[in-house]
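Chains, contacts and geometry: an overview
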Amino acid sequence: MSPSYVEDPSPGHGSLSPRAHFRSDARSLSLNGDWRFQLSPSLAAAPEGIEHPEFDDSAWTGLPVPAHWQLHGHGKPAYTNVVYPFPVDPPRVPSDNPTGSYRHTFTLDADWLTQPAVLRFDGIDSCARIWLNGTELGVTKGSRLPSEFEVGPLLRAGENLLAVRVHQWSAASYLEDQDMWWLSGIFRSVTLLARPTGGIGDYWLRADYDHTTGRGTITVDTVPGARLSIPELDLHDHPAAQPVELPAVEPWSAEQPRLYHGELATDAERVPVRIGFRTVSIEDGQLKVNGQRVFFRGVNRHEHDPRHGRAVPREIAVADVELMKRHNINAVRTSHYPPDPAFLDLCDEYGLWVIDECDLETHGFERLDWAGNPSDDPQWTDAYLDRMRRMVERDKNHPSIVLWSLGNEGHTGANFRRMAEWARDRDPGRPIHYEGDHDCAYVDVYSRMYASHQEVEQIGRGEVDNPRHAELPFLLCEYAHAMGTGPGGLLEYRELFERHPRCQGGFIWEWIDHGLLQRTPDGREYYAYGGDFGESVHDGNFVIDGLLFPDRTPSPGLIELAKIYEPVRITAAPNGIRVHNHHDYRPLDHLSFHWTLEAEGIPVATGDLPVPTVHSGQSVDLPLPELPATDGETWLTIRAVLATGTRWAPAGHQVAWGQLPIAPATTPARTGATRLLHAPAGLRLGIGAFDPTTGGLVSLGGHQVTGPRLDLWRATTDNDRGGHPSEAGTWRAAGLHRLQHRISEIHLADTELLVRTRVAPPGLSFALLADYRWTADQDTLRLRLDLEPEGEWPCTLPRLGLHLAIPAEFGQVEWFGGGPGEAYPDSRQSARIGRYTASVDDLHTPYVFPQENGNRVDVRWAELSTVDGQCFRIAGVPTFDLTARRWTTADLDAATHATDLHPTDQVHLHLDLAHHGLGTASCGPGVLPQYRLHPGKAALELVFSIPR
Ligand code: IPT
């Protein structure tokens, strides 16, 4: 069989013109389910004649549709970011081209034969040849796009046979080089749709909103004779060809996704339609919807599920949308392909601004300096245009879509220009986005990825060379790479978006880690990434860079983002509380405000905070509520919660919060100093016992301990390892992971033990001088650590603090300080002062690729206790950062999967004075200057005690 169609750059053949995706009252039959399947190593090896009923598939296996065959035991997933996993020789592909043969029989009654019908495939990766009842329907490419085939005359009453041959690689693979798993098969739904004669083949309903008058205008392009009814707007059987003018409608926005329900009908077919009135415009260099600048609090969403890959069931789409709404996200870029249609329905219903992105990326040509890139090659023009048409036609009825995106990382070229021209002509109502058009020659918004804060500032000020860059709305289609611990620096991006009206926000890279669920040989679950399936070419854990862990648990990065994206800001005002409304449209009437007063983290009073109407962009200052007197450090926390339930969260869901200090901590008086005892077994100072030869603490309150000892290292994060040179690289070159501690002096005084050390890496001459000064009173042991750098330090420090290991039984932690989650200097807006409890196990954040994590900031005190009530208390003077975990930093540094971490017989505490920030250098800018940790003179003071 000639493989020519596989390597043909053209889009395929035999399919119908693209049209909107919709449901109607016409009959339809889902063909999803269990199909017969066989995987062959190549097209040549694939069985012939599968389209014939007599073909014997009894030796085949079953495979669900929709699904990827690699996730059902046939072949293996493979991950590459940019590089093509095959030689670049377009349009040719490997002859070792895994080919899946599919067969499915379904039964129809005779009614199906009375009218035309189409067969719709919502997504096949990457190329398929299709037969129905022995007759070839055609060939389709464009993995994340639908194709439909006319099948009416081929249908039979009784049994029908659908046969499909799917190739993993095709010419189209050159256009589908997105940063994701290579996964093949019929991975979206297959449906048989009756198309009644005189029915509604296609429709485009546009609903504009005039924000100056409140008028709505509906225009419908559809078959002649169709009628539109919208009972809510008192519209009944209106001739669809005539525009409808409505004097007063409620507009649609991501904040208030008002949808009107109606029906488009002919005598033969009725189509439920949902109407959201909104008008997108670009004025004064700003992208506006309904006359209002919008601020994109966005994320990039790939479709991913740890078991199903990109074959995401509807529940997953619902989970994503609800999680986004609950975390104050208001926008999605469908990176880097049109999503399953169900997702866009949900965006309309729940309210999310959408950049719908075409299924097009040729990033692998970058390595070749873009030589041979299809984007500028006429033989690919049809394929480019076909993809844009199929996206726009499929998705045109969604009010949530406010921008069309031509694709991602395909460099630039005439084919992209043609796509833009076509789309602008077809749909003047939506501006065009494509980041790869760096000159903005054929796009309507200036879009960048990973621009540094400084550069965004310059763009905001208009300090740019290209005049287009100064006049167009600006957005970051990708920023703040959420790989591993982090991202850091979100607050400073938000400040830029708020300072410069043309800087309209951006989309975090990315929504979810694409880990695939696997098991170790001994049966423990873990999430796999590039290389875990034996791929010879892969990009490791670069696919693990989301705000959600693969199982959709929010990562600390998402918790931080929710705080950054808060649409209401509650802060201290000179004489009370300031509430600022950062919504684009809505007043705050949908929220109720409550306060809690906490002394030492214990609630002492609560109340409601009446907030008058505050319009978007406005703020109000309110006096403090009347508060009772308290003992100890006291904070007032104000929460804005949903006053009534919505479809994405119940009443009481917290949207925003703010905290005001009310009373500072009081310092307890010190009792008389305790003497240093020279006991036969060693030195004793209060509850501490010390080794006389090293001056090191050996036990505390009778419990064996290791340390405390100066520690500068952290298990490097993905962000530490990013950039050139990477921060991690300079740290390692400076030997910070293998410091040596020389004791230069042990001084025994009456009531003090002083241990002087010089801490330095092998082979190098710079050092930190670290003096440990121990004193005690009756119940407490006090350590003051004084640090002073010596010589020329070549780098920043990962962390600055002490490592102390205590027995494993101390597995429960209570603390008063920042929490509940982890925080670092440039990612700590979500840390709230309070009293928290957690097990040591739960203080560890389960990053798929293990790395530094779990730091709690601003800890006033922490107590570690055993199940039988024994307890260590550590208090800061005034605060410290706390990490507690069951393995060492070295273990954490060496692990590559969560299953590599095994509890030791100790709990390892890090009691830190400071941390280096996180930044986002795994892809993008590093740590901002104010969050970089430089060696300098410093002191840390801690008080240990054994509470009774
Ligand atoms: C950018 C890609 O657009 C995105 O798909 C993803 O790969 C991201 O990087 C990194 O995770 S492109 C890069 C050259 C900035």
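Preceding this section is the structure that the text describes.
Description of the structure in this document.

The rules behind the values
Residue numbers restart at each chain and count upward from 1, following the sequence in its written direction. Two thresholds apply to this predicted model, a pLDDT of at least 70 for residue-level local features and 80 or more for giving and counting side-chain atom pairs, whereas whole-chain, interface and lining totals are computed over all residues. Just so you know, side-chain values use all the structure's heavy atoms and leave hydrogens and water out. Only DSSP runs of H or I reaching four residues or more are called helices, and only runs of E reaching two or more are called strands; each is numbered from the N terminus. Every radius of gyration here is taken over C-alpha atoms, with the globule rule written as 2.2 Å times N^0.38, N being the number of residues. Relative accessibility under 20% of the residue-type maximum defines a buried residue, over 50% an exposed one, and the middle range a partly exposed one, all with a 1.4 Å probe and only protein chains included. Note on definitions: a residue-residue contact is assigned when non-hydrogen atoms from the two residues lie within 4.5 Å. Each accessible area is a Shrake-Rupley result for a 1.4 Å probe, and residues are judged covered by the shown protein chains and nothing else. His is not counted here, nor are the chain ends, while Lys and Arg score as positive and Asp and Glu score as negative. Charge positions come from single atoms, namely NZ of Lys, CZ of Arg, CG of Asp or CD of Glu. When DSSP finds two or more bridges between two strands, those strands count as paired. The rule for a residue being near a molecule or strand is that one of its heavy atoms must lie within 4 Å of it. Here a polar contact is recorded for every N or O atom pair within 3.5 Å, except that within protein the pair must consist of a potential hydrogen donor and a potential acceptor, and residues adjacent in sequence are included only if both atoms are side-chain atoms. Only Asp, Glu, Lys and Arg are considered charged in this grouping, and only Ala, Val, Leu, Ile, Met, Phe, Trp, Tyr, Cys and Pro are considered nonpolar; every other residue, Gly among them, is considered polar. Two rings from Phe, Tyr or Trp (for Trp, the six-membered ring) form a pair when their centres are within 6.5 Å of each other. A pair whose planes differ by under 30 degrees is stacked, one over 60 is edge-to-face, and the rest are tilted. In this scheme, the term charge over a ring applies when either NZ of a lysine or CZ of an arginine sits within 6 Å of the ring centre and within 35 degrees of the ring normal. Lines fitted to C-alpha atoms define the axes here, with helix axes fitted over just the stretch in contact, and angles between the N-to-C directions of these axes take values from 0 to 180 degrees. By nonpolar core we mean a set of buried residues, namely Ala, Val, Leu, Ile, Met, Phe, Trp, Tyr and Cys, connected to one another through side-chain atoms within 4.5 Å. For this document, the term salt bridge refers to a Lys or Arg side-chain nitrogen within 4 Å of an Asp or Glu carboxyl oxygen. In what follows, a disulfide is any cysteine sulfur pair within 2.5 Å.

1. A few points about the overall build of the protein
- Secondary structure summary: the protein contains eleven helices and 59 strands in total.
- Here the C-alpha radius of gyration of the protein, 31 Å, is about what a compact globule of 948 residues would show, namely 30 Å.
- C-alpha atoms of the protein, sized along the principal axes, occupy 105 × 65 × 55 Å.
- Going through the 948 residues of the protein one by one, you find that 62% of them count as buried.
- Long-range pairs, those at least 24 residues apart, make up 74% of the contacts in the protein with a sequence separation of at least 6.
- Within the structure as shown, the protein displays about 34,900 Å² of accessible surface, and the carbon and sulfur contribution to it stands at 49%.
- With 84 positive and 127 negative side-chain charges, the protein shows a spacing of 2 Å between the two charge centroids.

2. A word on the sheet that holds strand E44 (residues 682–685)
- Spatial strand order, E43-E44-E45-E46-E47: five strands in an open sheet with antiparallel pairing. Every other strand in the sheet has two partners, leaving strand E43 (676–679) and strand E47 (703–704) as the edge strands with one partner each.
- Summarising the sheet, E44 and strand E45 (residues 688–690) pair through three bridges and their orientation is antiparallel. Looking across to E45, one finds that leucine 685 is bridged to glycine 688.

3. Quick notes on unusual backbone geometry
- Cis geometry marks the peptide bond from proline 90 to proline 91; its omega dihedral reads 0°.
- Inspection of the secondary structure puts proline 91 in the loop between strand E5 (78–80) and strand E6 (99–108).
- Backbone torsion omega between glycine 819 and proline 820 reads 0°, so that peptide bond is classified as cis.
- Within the fold, proline 820 resides in the loop between strand E54 (812–819) and strand E55 (832–839).
- At aspartate 858, a residue that is not glycine, the phi angle is positive and equals roughly 55°.

4. What about the site of the ligand?
- Around the ligand sit 14 residues in total, of which Asp179, His336, Asn408, Glu478 and His481 are the nearest.
- Note that an oxygen atom of the ligand is positioned 2.5 Å from one of the side-chain N or O atoms of aspartate 179.
- Within the contact set of the ligand, an oxygen atom lies 2.8 Å away from a side-chain nitrogen or oxygen of asparagine 408.
- Protein contacts shield 86% of the accessible area of the ligand, which totals 390 Å² for the unbound molecule.
- When the residues that make up the shell around the ligand are grouped by side-chain class, the tally is five nonpolar, five polar and four charged.

5. Quick look at the environment of cysteine 923
- Along the chain, the position of cysteine 923 falls in the loop between strand E58 (906–915) and strand E59 (938–945).
- Given a relative accessible area of 23%, cysteine 923 falls into the partly exposed group.
- Remark: the alpha-carbon pair of cysteine 923 and alanine 480, spanning 443 residues in sequence, is separated by 8.0 Å.
- Residue contacts for cysteine 923: discarding those within four places in its chain leaves Tyr450, His481 and Phe542.

6. Details of the pairing of strand E19 (residues 235–239)
- Examined bridge by bridge, strand E18 (residues 227–230) and E19 share three bridges and lie antiparallel to one another. Counted as the bridge partner of leucine 228 is histidine 238 from E19.
- Joining the antiparallel neighbours E18 and E19 is a turn of four residues, in which aspartate 234 adopts a positive phi near 60°.

7. Describing the packing of aromatic side chains
- All told, the structure shown has 36 aromatic pairs when counted by the stated rule.
- Between phenylalanine 37 and tyrosine 102, the aromatic rings sit 5.0 Å apart at their centres with planes inclined by 70°, giving edge-to-face as the arrangement. Pair noted here: phenylalanine 37 is in strand E3 (residues 33–40) and tyrosine 102 is in strand E6, with a separation of 65 residues, a long-range link.
- The structure contains a cluster of three or more aromatic residues connected by ring pairs, namely Tyr84, Phe86, Trp169, Tyr174, Trp182 and Phe365.
- Cation over ring: arginine 144 sits above tyrosine 337, and NZ or CZ is 5.2 Å from the ring centre.
- It is arginine 873 that lies over the ring of tryptophan 861; its NZ or CZ is 4.5 Å from the centre.

8. A closer look at the sheet that holds strand E39 (residues 602–608)
- With antiparallel pairing, four strands are arranged side by side in an open sheet as E39-E38-E41-E42. In the strand order of this sheet, the two ends are held by E39 and strand E42 (654–663), each with one partner. Sheet twist, expressed as the average angle between the axes of neighbouring strands with direction ignored, equals 20°.
- Strand direction decides the pairing type here: strand E41 (residues 634–642) and E42, joined by eight bridges, are antiparallel. Bridging across to E42, alanine 640 finds its partner in alanine 656.

9. Things to note about the nonpolar core
- Judged by nonpolar contacts, the single largest core of 101 residues is most densely connected at Ile508, Trp511 and Phe593.
- Membership of the second largest hydrophobic core comes to 59 residues, among which are Val759, Phe810, Tyr836 and Leu843.

10. Looking at the pattern of salt bridges
- Considering all chains together, one arrives at 74 salt bridges under this definition.
- A salt bridge links arginine 301 to aspartate 320, with the nearest nitrogen and oxygen atoms 2.8 Å apart. Pair noted here: arginine 301 is in the loop between strand E26 (296–300) and helix H1 (314–326) and aspartate 320 is in helix H1, with a separation of 19 residues, a long-range link.
- Among the salt bridges present, the one from glutamate 498 reaches arginine 569, with a minimum N-O distance of 2.7 Å. Of the two residues, glutamate 498 is situated in helix H7 (residues 490–499) and arginine 569 in strand E36 (residues 568–573); the sequence distance between them amounts to 71 residues.
- By relative accessible area, arginine 569 is classed as buried at 15%.
- When salt bridges that share partners are traced, they join Arg23, Arg274, Asp345, Asp348, Glu349 and Arg647 into one network.

11. Comments concerning the environment of aspartate 210
- One can find aspartate 210 in strand E16 (residues 203–210).
- The class for aspartate 210 is partly exposed, based on a relative accessible area of 30%.
- Sequence separation between aspartate 210 and glycine 811 is 601 residues; the distance between their C-alpha atoms is 61 Å.
- Within the structure, aspartate 210 has its side chain in polar contact with the side chain of threonine 212 (distance 2.5 Å).

12. Overview of the state of the cysteines
- What the rule picks out here adds up to zero disulfides.
- Free of any disulfide, cysteine 503 has its nearest cysteine sulfur in cysteine 440, 13 Å distant.
- The buried category is assigned to cysteine 503, whose relative accessible area is 0%.

Limitation: the analysis is restricted to geometry and does not speak to function.
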